[in-house]
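Residue-level structure breakdown
Each chain, written out:
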Amino acid sequence: MNLTVTEEAAEWYENELDIDEQAHLRFYVRYGGTGGLQPGFSLAIKLEEPSEPVVETKTGRIHFFIESDDAWYFDDHSLEVQYDTKWEEPSFEYKK
């Protein structure tokens, strides 16, 4: 499993979350939402320190990560976070 965040997507998070110094951003699984990899679940974000990251990457000022207790959701898929210019927000692509 890999985690990739494009510069454009990282910049969007920096602007939307008012991040002007180094920060940690967790992608975690939540019940509900649409467009997720597993039916009935979707990804959410939270600014917090990593505890047991299963995968991580740094783009811009943000250290992005996924904790080991959320690894089940990805079912051996990698996550690529891109910026969707049509919707002007990040989009998630899962790759096997």
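Remember, it's a predicted structure, so these values are computed and weren't measured experimentally.

Scoring rules and cut-offs
- Residues numbered from 1 in each chain as written.
- Predicted model: local features only at pLDDT ≥ 70, side-chain atom pairs only at ≥ 80, totals over all residues.
- Heavy atoms only, no water.
- Salt bridge = Lys/Arg side-chain N within 4 Å of Asp/Glu carboxyl O.
- Helix = DSSP H or I, 4+ residues; strand = E, 2+ residues; numbered from the N terminus.
- Buried < 20%, exposed > 50% of the residue type's maximum accessible area, 1.4 Å probe, protein only.
- Phe/Tyr/Trp six-rings, centres within 6.5 Å; stacked < 30°, edge-to-face > 60°.
- Lys NZ or Arg CZ within 6 Å of the ring centre and 35° of its normal.

1. Some points on the pattern of salt bridges
For the coordinates displayed, the defined rule picks out 7 salt bridges. Linking arginine 26 and aspartate 69 is a salt bridge whose minimum nitrogen-to-oxygen distance equals 3.2 Å. Separated by 43 residues along the polypeptide, arginine 26 in strand E2 (residues 23–31) and aspartate 69 in the loop between strand E5 (62–67) and helix H2 (71–74) bring together distant segments of the chain. Between arginine 26 and aspartate 70 there is a salt bridge, and its shortest N-O distance comes to 2.8 Å. Residue arginine 26 is found in strand E2, and its partner aspartate 70 is found in the loop between E5 and H2; the two are separated by 44 residues along the sequence. Looking at arginine 26, the relative accessible area reads 11%, which means it is buried. A residue is classified by how much of its surface remains accessible, and aspartate 70, at 7% relative accessible area, is buried. Each of Arg26, Lys46, Glu48, Asp69 and Asp70 takes part in salt bridges that share partners, so that together they form one network.

2. Regarding the packing of aromatic side chains
Taken as a whole, this structure holds 11 aromatic pairs when the rule is applied. When the centroid spacing of 5.2 Å and the interplanar angle of 85 degrees are considered together, the rings of tryptophan 12 and tyrosine 13 count as edge-to-face. Between tyrosine 13 and phenylalanine 27, the ring centres sit 6.1 Å apart and the planes meet at 75 degrees, which makes this aromatic pair edge-to-face. Placement of tyrosine 13 in helix H1 (residues 7–16) and of phenylalanine 27 in strand E2 is noted, with a sequence separation of 14 residues between them. Here tyrosine 13 matches phenylalanine 27 in class, with each residue buried. Put simply, the rings of Tyr31, Phe41, Trp72, Tyr73, Phe74 and Tyr94 touch in pairs and so form one group of aromatic residues. Across the ring face of tyrosine 28, the terminal group of lysine 46 is positioned such that the distance to the ring centre comes to 4.5 Å.

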